[in-house]
Amino acid sequence: MHFRKSLPSLILLLCCLLKLNAQGFDRQVFNFNPDWKFQTGDVPKAAQMNFDDANWTSVSLPHAYNQEEAFRVSIEELTTGIVWYRKSFKIPQEFEGKKVFIEFEGIRQGGEIYLNGEKIGLHENGTMAFGFDLSEKIKFGNQENVIALRIDNSWDYRQKSTNATYRWNDKNFNANYGGIPKNVKLHITAKTYQTLPLYSNLQTTGVYVYAKDFNIVDQKARIHAESEVKNESNEAKTLQYEVVLEDADGNEIAKFASENVQFQPGEQKIIQAEKAIENLQFWSWGYGYLYTVKTRLLENNQLLDEVKTQTGFRKTAFRNGMVYLNDRVLQMKGYAQRTSNEWPAVGLSVPPWMSDFSNHLMLESNANLVRWMHTTPWKQDVESCDRLGLIQAMPAGDSEGDSKGDHWKQRTQLMRDAIIYNRNNPSIIFYECGNESISEPHMHEMKSIRNTFDPYGGRAIGSREMLDSQEAEYGGEMLYINHSADIPMWATEYSRDEGLRKYWDEFTPPFHEEGDGPLYKGNPATSYNHNQDAHAIENVVRWFDYFEARPGTGNRVSSGGVNIIFSDSNTHHRGEENYRSSGEVDPMRIPKDNYFVHQVMWNGWVDIKEHSLHILGHWNYKEGTVKNEYVVATGAKVELFLNGKSLGCGKQSHQFLFTFENIQFEPGTLKAVSYDADGNILSESTKKTAGEPKEIRLQLRTAPNGLLADAADIALVDVEVVDKNGNRCPVDHSEITFELSGKADWLGGLADGPNNNILSKKLPVINGINRVMFRSTTEAGKIKLKAKAKGLKSAQITLNSVPFESTNGLSTQFPGADLPLNLERGPTPKTPSYSKKRETIYIANATAGANQKETYHTYDDNELTEWTNDGNINTGWIEYEFAKPVTASQCVIKLTGWRTKTYPIRITAKNQVLFEGETWQSLGYITIPLEKVETDAIKIALIGANTEADAYNEIIEVDPTKELDLYKDKKAADAKGQLRIVEIEFYE
């Protein structure tokens, strides 16, 4: 038992436990995280009640037994094997005769669960929530209960019933933090109750709340609630289902009820009610407005059961190649993030406020979407995105490619469980069925699961790729560019390069040459050893392809994409460190320049809403340094000033990047000013030369109500080295020594050094800043942290942790229950999110020098079809006819072999040349400017031999002969007289 033995606290808790009154029984939900013990190794007889666990390690959940290895070792070196967890607890006598359920948000990987020495079940998928009915085996009153779990997190764990592995239990992408790394709850209900949304083991679906019949302008919708109800009493019940809707401030705004419904003993069925509601606040991007829906079971006006569901209401649509949120088009911009979302020394097991802190950083970068990768995110991150207003794409479980047999059955079962568990969370807008394309029958099966368990949730179901699917409701490739006039296509992973935060550029200590690093698979890995400036520029170049084809640019558009990944990850890596450094922030969530680049480029639903700019790097170089300066901005031109003197305007490329060549360093102020085409100032920013390092500055970060003494809460402390004026010193790498005293345990941070300095009390700042952590204990009290370094003024912070109360292993305090909603962006704007940039010219028909029947494939909105000639240069032509005379200014074309081939072509209209030259390699489409002439037909002809050279030879994740990038034809690379077109578009 923790601090909390005083009689007043026990009486208060007992009153909270009971809530027995004349109106009947009110269900209780308890935090079951306190008072656990664990021991690694397969301990004989550890399931028995009388087993002596006095020497085991005491922990509070969530907890992974190997979590301190996070970022200390590479993913494949994480400790695996058997671990036991045990907990002793008591249930008050007053609950005897009630139903008792336990809910685990997840364990890793497979576990056998025992209660009072008896095995009660098994759970094996390693990612999803599950539960058990403990009612018949639990003891009440002063009798002690013991729950024990034998958990195996081996990489090669096999399902006991089939001997099949789990494909997502993968040492490439799924960091293996074994044990009980997620939360646990205990539910106590009457014998007639609303079930839990835990299908595996319990076979129940719980509460389902959704809105329909939206009127966004008038803020109206019909709110529907339904619950699966089970009558386990010995009597027939006549029940009324009452629904109470409370706004974000806790005010009751509506109450409605069903007619009476009869339930026979043992009967289990759905009960429902709905009502049209006015003056609703709709959940939106950056506007995490949530309602509390209380669903009640009444018998003769007496309360039998009440469930509180926090949810939000929003309208979605997926059509015309675009995503609509509350009737407004939204281009998807965000990150493909590892589902573990892990931190150094703690893995994924962080308190809820840290989930909000990390996920809110995505929003602050102007992201609107997080695509969790490969496996279902845990409930804490799901609920965090609800509060913040961050859209989620939720996978079930997958590795790469389709599956069959038991592996496919595992995936469908996990998708079913995940949908049921998360269908009331408004931030989930996409269900992902695979990290690569799946067959049409498999897509249909997944869609049927969605239609069965979440038919009205407004969520699109699809998979990566699915470019010609008639079943998927969205799709999109990794790295390559897709356009669509049908289902939305957004890039599921792009810009996979890596770069560490410690490397600014080649002119800054530690003077890292761009791209220098160890070989990867025997080849140079320059794309995985970037400096910050090169990594940020790469992100600009990659995003431009999606921005160029955004909604408003034609009939076929890109619905956006997600950059992989948001935070550096303890997963598969190719750079110099033992972790993946593709993140926009480092493992401690300190931003790199990439992060600020996205803030600039992503500022708006589709078109840029607010203009901004960012100067890459710093302004603290050695005298005489001459280097290129880069500015990322949304304007038409950017001017650079040094100490008030203009250095001229930069060279613009890829819409957002402005390059200033050979700028000589001079201490002072570097200022960039962005202008529109008419010369009006849109935005400006400065970089100032910092002085000599003088002192350490600390900034404490905790949950809004402080550090909770539950042995699971964590405090973050930002550590900066600053000059005499308080400016961060951006090239300082001073080693800081920390001293922690009081009621906390040191966790530390991450930096260069043995084992990445994990858990070390000595670590350097990186470019003037680092971040460290400490965890609360079970005892509340004073905590002091001191930081000192040679030649710098020391700093310290003090705080008092907040008491946490639990009795006999149960608590009614839930960390995160009082976290605020993020409403920063306000409701969905009622204005259009984009303006039309150009007019589509619609193709009526086409003729060609060969394979006439296939010409339609070039304008069929299907990127898995193509037209090609017969290999002779003189047949390499195709002419497009339009319904009326037009003046085309652009040709947008996707040529087979887009990343490797160049085609010498001539584009003509009535023998007038509109373009002549070689096409260039791309990751999909290229835009060819045309001489303007009125015409009703345009001809494209091959005028020479193809040439072959992979412009993206370091993108090794995608086979250059994959799909239509050479159409799975290995011989195509040697063909010289082919003209091969996947899709073509004309604009005026």
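Residues numbered from 1 in each chain as written. Predicted model: local features only at pLDDT ≥ 70, side-chain atom pairs only at ≥ 80, totals over all residues. Heavy atoms only, no water.

As recorded by an unreviewed UniProt entry, the chain carries the name Glycosyl hydrolases family 2, TIM barrel domain and is attributed to Pustulibacterium marinum.

> Help me understand empty space enclosed by the protein in this model?
The probe, sized like a water molecule, is rolled over the atoms to show the empty space still left. Overall, the coordinates contain nine cavities of 30 Å³ or more when judged by the stated rule. A volume near 160 Å³ is recorded for the largest cavity. Lining the largest cavity are 16 residues, and of these Arg 108, Gly 126, Asn 174, Lys 182 and Leu 348 sit closest to its centre. Within the lining of the largest cavity, the residues separate by chemical class into six nonpolar, eight polar and two charged. The volume enclosed by the second largest cavity comes to roughly 110 Å³. Around the second largest cavity sit 13 residues that line it, and Leu 500, Lys 502, Tyr 579, Leu 750 and Ile 766 are the ones nearest its centre. A class-by-class count of the residues in the lining of the second largest cavity yields six nonpolar, one polar and six charged. Composition of the lining of the second largest cavity by domain shows at least three residues from each of domain 1 (316-608) and domain 3 (693-801). (1 Å grid on protein atoms, 1.4 Å probe; cavity = no way out; pocket = protein on both sides within 12 Å on 5 of 7 lines; lining within 4 Å. Points joined across faces, edges and corners; volume = space filled by probe spheres on them. Nonpolar A, V, L, I, M, F, W, Y, C, P; charged D, E, K, R; others polar. Domains from an automatic or database assignment.)

> Whenever I open this one, the sheet that holds strand 40 (residues 669-675) confuses me. Can you help?
Within a beta sheet, neighbouring strands are joined by backbone hydrogen bonds and run either parallel or antiparallel to one another. Spatially, four strands are ordered 37-36-40-41 in an open sheet, and the strand pairing comes out antiparallel. Edge positions in the sheet fall to strand 37 (645-649) and strand 41 (681-688), since each has one partner strand and no second. The sheet shows a mean angle of 20° between the axes of neighbouring strands, direction not considered. (Pairing = 2+ DSSP bridges. Helix = DSSP H or I, 4+ residues; strand = E, 2+ residues; numbered from the N terminus. Axes fitted to C-alpha atoms, helices over the stretch in contact; angles between N-to-C directions.)

> What should I look at first to understand the pairing of strand 41 in this one?
The side chains of a regular strand alternate between both faces of the sheet. Two elements, strand 40 and strand 41, share seven bridges in a ladder whose sense is antiparallel. Within strand 41, the residue paired with Ser 674 across the bridge is Ser 683.

> Explanation requested: the sheet that holds strand 24 (residues 316-319) in the structure shown.
Taken in spatial order, the three strands make up an open sheet running 24-25-26, and their pairing is antiparallel. Edge positions in the open sheet fall to strand 24 and strand 26 (328-329), since each of these has one partner strand only. Where strand 25 (residues 322-325) and strand 26 come together, two bridges link them in antiparallel fashion. By the bridge assignment for strand 26, Tyr 324 is matched with Val 329.

> Which parts of the structure should I look at to understand the packing of helix 3 (residues 352-364) against helix 4 (residues 379-388)?
Axes are the key here: two packed helices are described by the angle between their axes and the distance separating the axes. Orientation of helix 3 relative to helix 4, taken along the N-to-C sense of each, is 55°, at an axis distance of 9 Å. As far as their axial angle goes, helix 4 and helix 3 are oblique. For the crossing formed where helix 3 meets helix 4, the hand is right-handed. Contacts between helix 3 and helix 4 involve Pro 352, Ser 355, Asp 356, Asn 359, His 360 and Leu 363 from the former and Gln 380, Asp 381, Ser 384, Cys 385, Arg 387 and Leu 388 from the latter. Taken together, the residues of the contact of helix 3 with helix 4 break down into four nonpolar, five polar and three charged. (Parallel < 35°, antiparallel > 145°, perpendicular 65-115°, else oblique. Left-handed = near helix turned anticlockwise from the far one by under 90°. Contact = heavy atoms within 4.5 Å.)

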